[in-house]
Structures are given as C-alpha cells and as structure tokens.
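# Structural overview for review
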Amino acid sequence: MEIVILKGVAQACQVAARLVESLVREKPDAVLGLATGSTPVRLYAEMIRAHCEAGLDFGRVRTFNLDEYAGLPRDHEQSYYRFMREKLFDHVNINPANTNIPNGLAQDIPAHCRAYEDAIRQAGGVDLQILGIGANGHIGFNEPTSSLVSRTRIKSLTRHTIEENARFFGGEDEVPRHVITMGVGTIMESRQIVMLAFGEKKARAVADMIEGPLTSYVPASILQMHPNTKVFLDEEAAMELKRSEYYKWVYENKPAWQKF
Ligand code: F6R
C-alpha cells in the first residue's frame, strides 16, 4: 500500500483524478470500478472537469459500481444508480450502455450477482477501482467479518452503517437493510485500487486498515495484500497513523519517474 497524506480533500481528489485521467488517456476503453457515498464526489467533479476542460474522453470507458441497495428502484432519489448519473455520468460523454450498477430490484439476486461477476470478467477485469472506507472498516458493503474471498452477493447492513447512512435517507427507518455488493475477493482482483478517506471519523478505520492486523473484522485490511493500492488521505483521516511522518517522507522523496 502506498499512503499519500495531503493537506485536504481538494488536493487529494486532484491527485487521484490525475491517476484516472492518465489511465483513460493510455487505455481509452479502461474499466473503472466506482464507489458512491460522500467521499468520491469531489473526485468525480475533477473527472468532469478533466472532460470539460481537457477533453478527457469517456466514450469507450466501461464502469462497474461496487454496490446498490436491495429493494430500491433505480429512480429512487437515494439509489446509487441515480447518484452516479447525478455526480458523474450525466456530465461526461460516457455511453450509458457501458455503465454497470447492481440492480436493486433483481428478482433472482444470486443469479444477478453471478451475472455481474461474469460481466466484470468479460470486460477483462477492473483496471482501476475507486474505494471509500466505512468508519467500521468496510469496503463496498462488505461489513466486518465478511469473507475476505467473497464475491458479489447480498449482504445485510450493520446497525452502524444504517445509522451512518440515515443522513441520506432522512431517518434510520428509511435505510434499506440489504445491499448487493461486490465481494472482497472481487475488489481484490482489480489491477489498481485508489482508496480515498477524509475526516476524523475515518481515522480509526484507516489506521486499522494500514497498520493493524489483517482481519475480516476490518475488511479493508485485506488491501495490505493488494499489489497496487494507493490510499489518499487528508490530515484528519491520517491522524491515528503511527508512521505518518514516514509516509509523507516517502511521498515527498519519490524518484521523478514514480511521481503522480
Ligand atoms: C459506497 C461504498 C461504501 C462507502 C463507505 C464510505 O459505494 O461502497 O463502502 O465508500 O461507506 O462512505 P462515505 O464516503 O459516504 O463516507
């Protein structure tokens, strides 16, 4: 894992957007794995800016989202389908047929999950996966104690995640109890992972992920085993790290050819 601690969200998202941009320029039909939630919103704004101001072409890009709430129709204002349209897809020249989000209303959920896995495989796998982290250490909606080799499937949310997400729904009772999420094993097959985490609320989970033991109790800790993961943090999210000075030193002293 490469840990990059930057002054704030804006700077972190600019640097992360540069990675996405250079991938898409190099491989115009790149497969991006996308996350929702508040964390990547600024990154998506930077990707839109790269499209509008620097001509970044999304015409052949393919995308797979991590997750969707089970039971929510696509036009529900909190569906991740709607989120992605509002925060990214409607503002770049992506072909909607190239975008994939689990269908919250799938009748046969196990069959839908298998088909989602097949579609990722047929696309050649995810080139770059964007991730946020839950304050409980989840990635996607792989809650603590999720199998570290799991595939796309239905999961029950923890009470903690329901409370965290109540802010989007106007109350805990409105938050769906189930989700369809890529598995930890699915995420681990991405060729490159860009994890973003901002704010003090994420500091404990970030420290457990980076410096704690590898455990399904902190699903994000599996990223210690991933060969190409970059973690972009603001100062607040980094504040419980024991070795933050070292990570900063490494980033500042990168050889020129390795800088991004
Ligand atoms: C969203 C997702 C989740 C979020 C995490 C952080 O697609 O998979 O793992 O990344 O819950 O959420 P925010 O960014 O809202 O703090």
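The text that follows walks through the structure, step by step, so that each part is easy to find. (Residues numbered from 1 in each chain as written. Predicted model: local features only at pLDDT ≥ 70, side-chain atom pairs only at ≥ 80, totals over all residues. Heavy atoms only, no water.)

## Remarks on the packing of helix α1 (residues 9-26) against helix α2 (residues 41-54)
- For the pair α1 and α2, the least separation of the axes is 8 Å and the interaxial angle reads 55°. Between α1 and α2, the angle is such that the two are oblique. By crossing handedness, the relation of α1 to α2 is classed as right-handed. Of the residues in α2, those touching α1 at V9, A10, C13, Q14, A16, A17, V20, E21 and R25 are R42, L43, E46, M47, A50 and A54.
- Taken together, the residues that form the contact of α1 with α2 break down as 10 nonpolar, one polar and four charged. (Axes fitted to C-alpha atoms, helices over the stretch in contact; angles between N-to-C directions. Helix = DSSP H or I, 4+ residues; strand = E, 2+ residues; numbered from the N terminus. Parallel < 35°, antiparallel > 145°, perpendicular 65-115°, else oblique. Left-handed = near helix turned anticlockwise from the far one by under 90°. Contact = heavy atoms within 4.5 Å. Nonpolar A, V, L, I, M, F, W, Y, C, P; charged D, E, K, R; others polar.)

## With respect to the side chain of T63
- Considering the arrangement of structural elements, one finds T63 in strand β3 (residues 62-65).
- Accessibility expressed as a relative area gives 1% for T63, which makes it buried.
- Ignoring anything within four residues of it in the chain, the contact list for T63 reads L32, L34, F89, I94, N98, T99 and N100. (Buried < 20%, exposed > 50% of the residue type's maximum accessible area, 1.4 Å probe, protein only.)

## Observations regarding helix α4 (residues 109-122)
- Over its 14 residues, α4 runs 20 Å from end to end, which matches the ideal 20 Å to within 8%, given 1.5 Å per residue.
- Of all the positions in α4, only I109, C113, Y116, E117 and I120 are classed as buried. Taken around the axis of α4, the buried residues stretch over an arc of 95°, which confines them to a single face. Exposed and facing more than 90 degrees away from the buried side of α4 are R114, R121 and Q122.
- Looking at the packing, one finds that the buried side of α4 touches β3, β5 (99-100), β7 (153-156), β8 (178-181) and α6 (184-188).
- Two or three places before A111, at the opening of α4, D108 has a side-chain oxygen 3.2 Å from that residue's backbone nitrogen.
- Once α4 finishes, G124 follows within two positions and takes phi at roughly 95°, a positive value. (Expected span 1.5 Å × (residues − 1). Arc of directions from axis to C-beta. Polar contact = N/O pair within 3.5 Å; in protein donor to acceptor, adjacent residues only side chain to side chain.)

## Quick look at unusual backbone geometry
- At T145, a residue that is not glycine, the phi angle is positive and equals roughly 80°.
- Positionally, T145 belongs in the loop between β6 (128-131) and β7.

## Here's the deal with the pairing of β3
- Summarising the sheet, strand β2 (residues 31-34) and β3 pair through four bridges and their orientation is parallel. Looking at the pairing, G33 lines up with F64 of β3.
- Where β3 meets β5, two bridges bridge the pair, whose relative direction is parallel. Bridge pairing in β5 links T63 to T99. (Pairing = 2+ DSSP bridges.)

## Quick word on a nonpolar patch on the surface
- There is a patch of nonpolar side chains on the surface, built from Y246, W249 and V250 and spanning about 320 Å² of accessible area.
- With respect to the helices and strands, the residue Y246 is situated in helix α8 (residues 244-252).
- Judged by relative accessible area, which is 43%, Y246 ranks as partly exposed. (Patch = residues over 30% accessible without salt bridge, like charges linked within 9 Å, V, L, I, M, F, W, Y side chains within 5 Å. Areas by Shrake-Rupley, 256 points an atom, 1.4 Å probe, with all protein chains shown as cover. Salt bridge = Lys/Arg side-chain N within 4 Å of Asp/Glu carboxyl O.)

## Examining the environment of Y69
- Among the secondary structure elements, Y69 is positioned in strand β4 (residues 67-69).
- The buried category is assigned to Y69, whose relative accessible area is 1%.
- For the pair Y69 and N98, spaced 29 residues apart in sequence, the C-alpha separation works out to 20 Å.
- What Y69 contacts, discounting residues up to four positions off in sequence, is Q78, Y80, G104, F141, L157, N165, F169, V175, P176, H178 and V179.

## Quick notes on the sheet that holds β4
- Reading across the sheet, the three strands line up as β4-β8-β7 and stay open at both edges, with antiparallel pairing between neighbours. The open sheet terminates on both sides in strands that have one partner only, identified here as β4 and β7. The mean inter-strand angle of the sheet, taken between neighbouring strand axes irrespective of direction, is 30°.
- One ladder, built from four bridges, connects β7 with β8; its direction is antiparallel. When the bridges of β8 are listed, S156 appears paired with H178.

## As for the pattern of salt bridges
- Taken as a whole and judged by the stated rule, the model has 19 salt bridges.
- For E21, the salt bridge goes to R25, with nearest N and O atoms at 2.8 Å. Here E21 pairs with R25, and both are found in helix α1, just four residues apart, close to one helical turn.
- Judged by relative accessible area, which is 19%, E21 ranks as buried.
- One salt bridge in this structure joins E235 and K248, with 3.3 Å as the shortest N-O distance. With E235 in the loop between β10 (229-234) and α8 and K248 in helix α8, this pair connects stretches of sequence that are 13 residues apart.
- Residue classification places E235 among the partly exposed residues on the basis of a relative accessible area of 36%.

None of the figures reported here should be taken as evidence of function without further support.
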